[in-house]
Amino acid sequence: YHGRVDRRKGVLELIEAVELLVGKGSELLLTISGIGPDSIPAQELVAEKGLKGSIQFSGYVDYHEVPAVYRKADLFVSPTWSEGFSNTILEAMASGLPIVASRSIGVVDCLVDEDTGLFHEVHDVPELAAQIERILTDAALRERLATNALAEIELKYKWPVVAGQIIKRLEATLAKAPDNSWTELRDPATTVEIADTNCRFRQSPHLL
């Protein structure tokens, strides 16, 4: 796991999944890479469940050292509750790792179940553990998922590809006269007053 150590990223549920796997006799080492508001609760949960031999914390990792973190791993897990768009999943795909991730907002925009990754339902710890076990015990599945994910990166997300898409959009925009018909629909003076304060992204801006 690499990213923000936050229960809303599914970190605590991942620890519970490792507990299930260890209880079944699986030999594995989970690295939790990163820092966040639930770093201490996560470490306390590992100690409580007696999993210090199966889970390690790397703490903060400098941006330039992140590729080495991925290279040390055999698979990547992202049990997040929701994402805007998951950079860590794209990084794992680009690193040639098979991926287990939640079937959640943002994640389903990056991965295809059984093709570029394996999905589990959000909060479903037994299913999360089962999908991790599938990858750990099936070398052919690991290779297929990793190969397909890397091909997806090459096709859609490499910088030359993304830059080319942006240039096409800019060229198309420059070729059109601006549409100013919408400008009277928004009054900056009343934007805050009429805003939907129940919007989950206003309440939890970290999700953006």
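Since the structure is predicted, the reported quantities are computational estimates derived from the model, not experimental observations. (Residues numbered from 1 in each chain as written. Predicted model: local features only at pLDDT ≥ 70, side-chain atom pairs only at ≥ 80, totals over all residues. Heavy atoms only, no water.)

Caption draft 1: Up close: the overall build of the protein chain. Looking only at helices and strands, the protein chain features nine helices and five strands. In sequence order, the secondary structure elements of the protein chain are arranged as α-β-α-β-α-β-α-β-β-α-α-α-α-α. Across its three principal directions, the C-alpha atoms of the protein chain cover 65 × 40 × 30 Å. Counting only carbon and sulfur atoms, one obtains 56% of the accessible surface of the protein chain, whose full area is about 12500 Å². Each charge sign in the protein chain was given a centre, from 21 positive and 31 negative side chains, and these centres are 3 Å apart. (Helix = DSSP H or I, 4+ residues; strand = E, 2+ residues; numbered from the N terminus. Areas by Shrake-Rupley, 256 points an atom, 1.4 Å probe, with all protein chains shown as cover. Lys, Arg positive; Asp, Glu negative; His and termini not counted. Charge placed at Lys NZ, Arg CZ, Asp CG, Glu CD.)

Caption draft 2: Geometry of the pattern of salt bridges. In the structure shown here, the tally under the stated rule is eleven salt bridges. Here K24 makes a salt bridge to E133, at a shortest N to O gap of 2.8 Å. Separated by 109 residues along the polypeptide, K24 in the loop between α1 (11-23) and β1 (30-33) and E133 in helix α5 (residues 125-137) bring together distant segments of the chain. The residue R134 makes a salt bridge to E114 at a minimum N-O spacing of 2.9 Å. Taken together, the residues R134 in helix α5 and E114 in the loop between β4 (99-102) and β5 (118-120) connect sequence positions 20 residues apart. (Salt bridge = Lys/Arg side-chain N within 4 Å of Asp/Glu carboxyl O.)

Caption draft 3: View of the nonpolar core. Core analysis: the biggest nonpolar cluster contains 28 residues, and I15, I32, I55, V100 and I132 have the highest contact counts within it. Mapped by element, the contributors of at least two residues to this core are α1, β1, α2 (39-48), α5 and α6 (139-157). The element best represented in this core is α1, accounting for seven residues. If we skip the residues at most four places from it in the chain, I15 touches I32, A42, L45, V46, L51 and I55. Grouped together as the second largest cluster of nonpolar side chains are 17 residues, V61, F76, V107 and C110 included. (Core = buried A, V, L, I, M, F, W, Y, C linked by side-chain atoms within 4.5 Å. Buried < 20%, exposed > 50% of the residue type's maximum accessible area, 1.4 Å probe, protein only. Contact = heavy atoms within 4.5 Å.)

Caption draft 4: Structural view of the side chain of E13. Among the structural elements, E13 can be located in helix α1. One buried charge, E13, has no salt-bridge partner; the nearest side chain with opposite charge is R7, at 8.9 Å. Of the polar contacts made by the side chain of E13, one reaches the side chain of H123; its length is 2.8 Å. Residues within four places of E13 in sequence aside, it is in contact with P79, W81, H123, V125 and L128. (Polar contact = N/O pair within 3.5 Å; in protein donor to acceptor, adjacent residues only side chain to side chain.)

Caption draft 5: Representation of the pairing of β1 in the model. Where β1 and strand β2 (residues 55-59) come together, four bridges link them in parallel fashion. Bridge pairing in β2 links I32 to F57. Taking the sense of rotation as the criterion, the β-α-β connection linking β1, α2 and β2 turns out right-handed. (Pairing = 2+ DSSP bridges. Right-handed = clockwise from strand over helix to strand, strands pointing away.)

Caption draft 6: Here's a closer look at the sheet that holds β5. As summarised here, the arrangement of the three strands in space is β3-β4-β5, forming an open sheet in which the pairing is parallel. At either end of the open sheet lies a strand with only one pairing partner, and these are β3 (76-78) and β5. Going from strand to strand, the sheet's axes swing by 15° on average, the running direction of each strand aside. Sheet topology places β4 next to β5; three bridges connect them, and they run parallel. (Axes fitted to C-alpha atoms, helices over the stretch in contact; angles between N-to-C directions.)

Caption draft 7: Quick look at the packing of aromatic side chains. Inspection of the entire model under this criterion finds two aromatic pairs. Here Y70 and F76 contribute two aromatic rings whose centre-to-centre distance is 5.8 Å and whose plane-to-plane angle is 50°, an arrangement assigned as tilted. For the pair formed by Y70 and F76, the shared burial category is buried. (Phe/Tyr/Trp six-rings, centres within 6.5 Å; stacked < 30°, edge-to-face > 60°.)

Caption draft 8: Up close: the packing of helix α4 (residues 87-94) against α6. Closest axis-to-axis distance for the α4/α6 pair is 7 Å, and the angle between their directions is 115°. Here α4 is positioned roughly perpendicular relative to α6, judged by the angle of their axes. Taking contact as the criterion, the partners of L90, M93 and A94 in α4 are, on α6, A149, L150, E152, I153 and Y157. Broken down by class, the residue content of the contact of α4 with α6 amounts to seven nonpolar, no polar and one charged. (Parallel < 35°, antiparallel > 145°, perpendicular 65-115°, else oblique. Nonpolar A, V, L, I, M, F, W, Y, C, P; charged D, E, K, R; others polar.)

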